[in-house]
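What the coordinates show
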Amino acid sequence: MARTPKGFRDCFGIEVAERGRILSLIAEVYDRYGFDPLESPAVETVESLGKFLPDLDRPNAGVFAWQDDEDANWLALRYDLTAPLARVYAQHRNELPTPYRRYAMGPVWRNEKPGPGRFRQFYQCDADTVGSASPAADTEICAMLCDALECIGVSRGDYIVRINSRRVLNGVMEVAGILDPSKPERFAEERGIVLRAIDKLDRLGHRGVRALLGEGRRDESGDFTEGARLSDDQADMVMGFVEAGRPDISATLARLRELTSGSDTGATGVDELERIGESLDVQGYGSNRIEIDPSVVRGLGYYTGPVFEAELTFDITDEKGRRRRFGSVAGGGRYDDLVKRFTGQEVPATGISLGVDRLLAALRARGVGGAMTGPVLVTVMDRDRIGDYQAMVAELRGAGIRAEMYLGNPRNFGSQLRYADRRDCPFAIIQGTDERARDCLIVKNLALGKRLATEIASNEEWRNQPAQREIPRADLVSEISGCIGAAKRMR
């Protein structure tokens, strides 16, 4: 049976084209900020990927991995574009500038349980600065994220970039007694569960997160997820952190200072958030685009400082007909320890990753991004005149117009029009024996004809409509160019 593996999918014309358009627009923004492109292999060693994967209950921690027959090393498909960057920088750091600013785009793979809208292969689009500990680098990433979203068609007011700091959460956990700076390995498993629980707040709600901080949670299917087994007091303190957001940034920061009182790490994190917020505000990225939100922690374990998440704030209708907020489309943060695994020395780094497939779905939900239409179809009326029809196609292509000649059996003209309909062709070019004798051709406006067919009630009305008209053969390119231009202006 011909079928795709579970959790994977085939992508066709319009989706592939729209993805390419989005990537191109985002690349222009990253380039404008001075970031350079980087391509790294889809396959890395498991050692290079590290132990920071999101699914800790599966072999190889949620990656697609296999053992190399030649040197017995374990290899894996990359699960994101950040861990490979750490390897690239460590390997080539002597040739790279400091700081090194790069962007990367491509598919990543997760060996996780697939579900509705959740696939094992998807596209990411990243930008990172390696080698700078300045909060200005984090500020720049957040500003660039706003610019990228607006560049691809997400309107201001339809998104919010939320910022928090892992240092603040670490301060809270230190005060709660589940993080000992002198013995960082103690309670590491519990802290990992806390991170992943808070990261699922939008899906599980406060009650679900609270359950995971305690004994655990059983979902609707009956599956049970072990909790962090915190005491009630410890869980209350963590939930106090999650719920620390206030309408005013200064009030939020004041509440975070209360929760981290006694922790130098927590105080440093709050100060950092304050500087980032002030810097963004000065640049014009105010609370209508960026806010401090303590509930943002990011589930991956390698973040060490500020973390960011972009959420689309408009509602959509899900597959069950329910109204819900679209949700997160990008995330990232500071990861100062990731390169250290290779070099033994701390190398500061910060970055962001956009989920391209999620962005595509969001733009479709908002009706943004014109649908790709099929090519202009040159029909075949006479088998002996293939060269003439090919010449028409060549002229259209030479003018930058997407065009093709019908390659099926031309005997049935209805089949050619049905083909054009399936291809969503905007125009069909027709030249039979009579038209050739008059050195003209017929342009059939298929898009207009399709629309008029639902609106016109009589033959007389149809005859008065311009869905089909005769033009001189020499006017082919100018006529089609004008029609396409007019259609674009009407969108």
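Structure: above.
None of the values given here were measured: they were computed from a predicted structure.

Scoring rules and cut-offs
Residues numbered from 1 in each chain as written. Predicted model: local features only at pLDDT ≥ 70, side-chain atom pairs only at ≥ 80, totals over all residues. Heavy atoms only, no water. Helix = DSSP H or I, 4+ residues; strand = E, 2+ residues; numbered from the N terminus. Buried < 20%, exposed > 50% of the residue type's maximum accessible area, 1.4 Å probe, protein only. Contact = heavy atoms within 4.5 Å. Areas by Shrake-Rupley, 256 points an atom, 1.4 Å probe, with all protein chains shown as cover. Lys, Arg positive; Asp, Glu negative; His and termini not counted. Charge placed at Lys NZ, Arg CZ, Asp CG, Glu CD. Expected span 1.5 Å × (residues − 1). Bend = angle between axes of the 7 residues up to and from the residue. Polar contact = N/O pair within 3.5 Å; in protein donor to acceptor, adjacent residues only side chain to side chain. Pairing = 2+ DSSP bridges. Axes fitted to C-alpha atoms, helices over the stretch in contact; angles between N-to-C directions. Core = buried A, V, L, I, M, F, W, Y, C linked by side-chain atoms within 4.5 Å.

**Comments concerning the overall build of the protein chain**
Tallying secondary structure elements over the protein chain gives 18 helices and 18 strands in all. Taken across its 491 residues, the protein chain has 47% of its residues classed as buried. Summarising the internal contacts of the protein chain: among those between residues at least 6 apart in sequence, 68% fall at separations of at least 24. As presented, the protein chain carries roughly 24,900 Å² of accessible surface, and 47% of it is formed by carbon and sulfur atoms. Placing the 68 positive and 76 negative side-chain charges of the protein chain at their respective mean positions leaves the two points 5 Å apart.

**Notes on helix 7 (residues 201-213)**
In this model helix 7 runs just 12 Å from its N-terminal to its C-terminal C-alpha over 13 residues, more than 12% under the 18 Å that 1.5 Å per residue would give. At arginine 207, helix 7 shows its largest bend, some 75°. Leu201, Leu204, Gly208, Val209, Leu212 and Leu213 are the residues of helix 7 that are buried. Residues of helix 7 that are buried make contact with helix 6 (188-199), strand 8 (216-218), strand 9 (224-226) and helix 8 (232-242).

**Remarks on the environment of aspartate 223**
Locating aspartate 223 in the fold gives a position in the loop between strand 8 and strand 9. Residue class for aspartate 223 comes out partly exposed when judged on its relative accessible area of 42%. Excluding anything up to four places from it in sequence, aspartate 223 contacts Lys113, Arg217 and Arg218. Separated by 3.4 Å, the side chains of aspartate 223 and serine 221 make a polar contact.

**Some points on the side chain of arginine 385**
Here arginine 385 shows up in the loop between strand 14 (376-378) and helix 13 (386-398). At 3.0 Å, the side chain of arginine 385 and the side chain of aspartate 388 are in polar contact. Among the polar contacts made by the side chain of arginine 385, one reaches the side chain of tyrosine 389 at a distance of 2.9 Å. Dropping the residues within four chain positions of it, arginine 385 is found in contact with Gln431, Gly432 and Arg436.

**Concerning helix 3 (residues 82-92)**
Helical geometry note: an α-helix holds 3.6 residues per turn, so side chains three or four residues apart project in the same direction. Of all 11 residues in helix 3, 9 are buried; the element is thus mostly enclosed. Buried within helix 3 we find Thr82, Ala83, Pro84, Leu85, Ala86, Arg87, Val88, Tyr89 and Ala90. In this fold, the buried residues of helix 3 make contact with strand 2 (43-45), helix 2 (46-49), strand 5 (100-109), strand 6 (121-130) and helix 11 (340-343).

**Some remarks on the environment of isoleucine 292**
On the secondary structure map, isoleucine 292 appears in strand 10 (residues 290-292). On the accessibility criterion, isoleucine 292 (8% relative accessible area) is buried. Between the C-alpha atoms of isoleucine 292 and phenylalanine 308, which are 16 residues apart in sequence, the distance is 9.4 Å. Those residues in contact with isoleucine 292 that lie beyond four places of it in its chain are Ile163, Ile249, Thr252 and Leu273.

**What about the sheet that holds strand 5?**
Within a beta sheet, neighbouring strands are joined by backbone hydrogen bonds and run either parallel or antiparallel to one another. A sheet is described by the order of its strands in space; here 8 strands give the open sequence 1-5-6-13-12-11-7-10, paired in mixed fashion. Two strands close off the open sheet at either side, each with one partner strand: strand 1 (36-37) and strand 10. Strands in contact with helix 1 (residues 13-32) are strand 5, strand 6 and strand 13 (349-355); relative to strand 6, the strand with the most contacts, it is inclined by about 5°. Against the sheet, helix 4 (residues 135-151) touches strand 5, strand 6, strand 7 (159-165), strand 10, strand 11 (306-317), strand 12 (323-334) and strand 13, its axis set at about 15° to strand 13.

**A word on the nonpolar core**
Ile26, Tyr30, Leu149, Ile163, Val194, Phe241 and Leu354 are the most contacted members of the largest nonpolar core, which totals 76 residues. Counting residues per element, this core draws most heavily on helix 4, which supplies 8 residues. Those residues within four positions of isoleucine 163 in sequence are excluded, and the remaining contacts are Cys142, Leu273, Ile276, Leu280, Ile290, Glu291, Ile292, Asp293, Val307 and Phe308. Core analysis: the second largest hydrophobic core is formed by 23 residues, Val380, Val393, Phe427 and Ile480 among them.

**Focus: unusual backbone geometry**
Trans is the prevailing form of peptide bonds, just as negative phi is the prevailing case for residues other than glycine. Across the junction of threonine 98 and proline 99, the peptide omega takes the value 0°, indicating a cis bond. Looking at the element boundaries, proline 99 is found in the loop between helix 3 and strand 5. Of note, the phi angle at arginine 229 is positive, near 60°, even though the residue is not glycine. With respect to the helices and strands, arginine 229 occurs in the loop between strand 9 and helix 8. Non-glycine residue aspartate 439 carries a positive phi angle of around 55°. By secondary structure assignment, the location of aspartate 439 is in the loop between helix 15 (433-437) and strand 17 (440-445).

None of this, on its own, says anything about what the molecule does.
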